Amino acid sequence: MTLTKDSVLAALRTVADPQSGSDIVTAGIARGVTVEDGAVRFVLEIDPAKAESYEPVRAAAQAAVQALDGVRGVSAVLTAHSAKAPPDLKAQRKPEPQGPQRVPGVNHIIAIASGKGGVGKSTVSANLACALAAQGQRVGLLDADVYGPSQPRMLGVSGRPASPDGKTILPLRNHGVTMMSMGLMTNEDQAVIWRGPMLMGALQQMLMQVQWGELDVLLVDLPPGTGDVSMTLAQKTVVDGAIIVSTPQDVALLDARKGIDMFNQLHVPVLGMIENMSTHICSQCGHEEHVFGHGGVAAECRKLGVPLMGEVPLHIDIRTTSDNGTPIVVANPDAPQAQVFHDIARALISQGVA
Ligand SMILES: Nc1ncnc2c1ncn2[C@@H]1O[C@H](COP(=O)(O)OP(=O)(O)OP(=O)(O)O)[C@@H](O)[C@H]1O
């Protein structure tokens, strides 16, 4: 039979451990067996106080191995076992940060959400960002809507963000607002199918790797609904408050309610709701009309116990200015349609959340 570690272990199993009554391999005393060109080495790990009584065991173990075919020499040594557990030599993973983290340099994060698409969440975000900047705040705007990124167009910025060091991303800037859009990381007109984990990774990258600089507030324009992006934002990042944008129709309000529920569950304070497309003001005669109804959001706010932050009229100037890359708050700051955004910005600053 050729000499192997197994044949040595088999020989060692014929030697009894006087302490436990089992053999010295099973008792965990015989350790560190090596076999090299007929030279066998092993140790018997024992309590140093019992060294004397184990000497015959060591001699028996040595003889048992010596008797094997092919053995040229045996080194059997008694060593003191350690009371401490052996060190864990497995590479230690850095502990994952627990709970939501703050974005370095960013004092506040406000999520802007809507239950339903197309209610004007991006228009509200862009105007609010510009209004906060006009009132002296250092403002960032993260467009987290990968499927329909609209902030580059609304803030009139184009081009792809640069990454001079290959690690961090330089954001774009216009109207006093530092802006980054997840949509800018994909090719324009390219259909994107993002899986949940990709979205979460991209959002974290946008928050942590974009050089936002020192900001008083970062607004996050979320995709509509209560999907992965909203959940990830609230779970991974400290969000100081959420604003829900809704039109006054029942169907939009139904979805807005789901958004509020989600933020409540995620322990993000709901700062309030904004009614968009509240009243239509005719640009010709100034006549007011309630195209989508009026007061639905105010009633909902009362029901849910959240503040109504403002009612933004449906006005063609709000659309054309955003489409042209200069939101109404910048294009015509004194227009009545711009006032509501200034009022909301002022309220956010005085509440200490922006
Ligand atoms: N108060 C308003 N008055 C006039 N037009 C508006 C108003 N609010 C939004 N719009 C227009 O409605 C359209 C949809 O608005 P916006 O893109 O802001 O919605 P959204 O909720 O962000 O949509 P999405 O779900 O696609 O992200 C845009 O063309 C915008 O200019």
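Bear in mind the structure is a predicted one, so any value in this text is a computation, not a measurement.

1. Things to note about unusual backbone geometry
Here comes step 1: Positive phi is not limited to glycine here, since Asp-37 has a value of about 50 degrees.
Here comes step 2: Relative to the helices and strands, Asp-37 is located in the loop between strand S1 (30–36) and strand S2 (39–46).

2. Describing the site of the ligand
Here comes step 1: With respect to spatial proximity, 21 residues lie near the ligand, and among them Gly-117, Gly-120, Ser-122, Thr-123 and Arg-319 are the closest.
Here comes step 2: No other element matches helix H9 (residues 316–323), which puts four residues into the shell around the ligand.

3. What about the packing of helix H3 (residues 121–134) against helix H11 (residues 336–350)?
Here comes step 1: Contact geometry of H3 with H11 gives a least axis separation of 8 Å together with a crossing angle of 65 degrees. Here H3 runs over H11; the crossing is right-handed. Contacts from Asn-127, Leu-128, Ala-131 and Leu-132 in H3 reach Phe-341, His-342, Ile-344 and Ala-345 in H11.
Here comes step 2: Looking at the contact of H3 with H11, its residues break down into six nonpolar, two polar and no charged.

4. Remarks on H9
An α-helical turn contains 3.6 residues, so a residue and the one three or four places further along point in the same direction.
Here comes step 1: Within H9, the full set of buried residues consists of Ile-318, Thr-321 and Ser-322. Projected down its long axis, H9 carries its buried residues within an arc of 95 degrees, all on one side.
Here comes step 2: On its buried side, H9 packs onto H3, helix H4 (151–154), helix H10 (328–331) and H11.
Here comes step 3: Following H9 by one or two positions, Gly-325 adopts a phi angle in the positive range, close to 85 degrees.

5. Considerations on the domain arrangement of the protein chain
Here comes step 1: The assigned domain composition of the protein chain is domain 1 (5–80) and domain 2 (106–350).
Here comes step 2: Of note, the centres of domain 1 and domain 2, computed from C-alpha atoms alone, are 73 Å apart.

6. Some thoughts on the sheet that holds S2
Here comes step 1: If you walk across this open sheet you meet the three strands as S1-S2-S3, and the pairing is mixed. Because the sheet does not close on itself, it has two edges, and the strands there are S1 and strand S3 (73–80). On average, each strand axis in the sheet is inclined to that of its neighbour by 15 degrees, with strand direction left out of account.
Here comes step 2: One ladder, built from eight bridges, connects S2 with S3; its direction is parallel. Bridge pairing links Glu-45 to Thr-79 in S3.
Here comes step 3: Packed on one face of the sheet, helix H1 (residues 5–12) meets S1 and S2 and runs near 140 degrees to S1.

7. What about the pairing of strand S10 (residues 270–281)?
Side-chain direction in a regular strand flips from residue to residue, so the side chains alternate between the two faces of the sheet.
Here comes step 1: Taking burial as the measure, the twelve residues of S10 include nine buried ones, the bulk of the element.
Here comes step 2: In terms of strand pairing, strand S9 (residues 241–246) meets S10 through five bridges, oriented parallel. The residue of S10 that forms the bridge with Ser-246 is Glu-275.
Here comes step 3: Relative to strand S12 (residues 308–314), S10 runs parallel, the two sharing five bridges. If you follow Glu-275 over to S12, its bridge partner there is Glu-311.

8. Points about the environment of Asp-343
Here comes step 1: Topologically, Asp-343 is positioned in helix H11.
Here comes step 2: Judged by C-beta crowding, with 13 C-beta atoms within 10 Å, Asp-343 ranks as partly exposed.
Here comes step 3: Considering only alpha carbons, one finds Asp-343 and Ile-46, 297 residues apart in sequence, at a separation of 79 Å.

Parameters at a glance
- Residues numbered from 1 in each chain as written.
- Predicted model: local features only at pLDDT ≥ 70, side-chain atom pairs only at ≥ 80, totals over all residues.
- Helix = DSSP H or I, 4+ residues; strand = E, 2+ residues; numbered from the N terminus.
- Near = placed C-beta within 6 Å.
- Axes fitted to C-alpha atoms, helices over the stretch in contact; angles between N-to-C directions.
- Left-handed = near helix turned anticlockwise from the far one by under 90°.
- Contact = placed C-beta atoms within 7 Å.
- Nonpolar A, V, L, I, M, F, W, Y, C, P; charged D, E, K, R; others polar.
- Buried ≥ 20, exposed ≤ 12 C-beta atoms within 10 Å, placed from the backbone.
- Arc of directions from axis to C-beta.
- Domains from an automatic or database assignment.
- Pairing = 2+ DSSP bridges.

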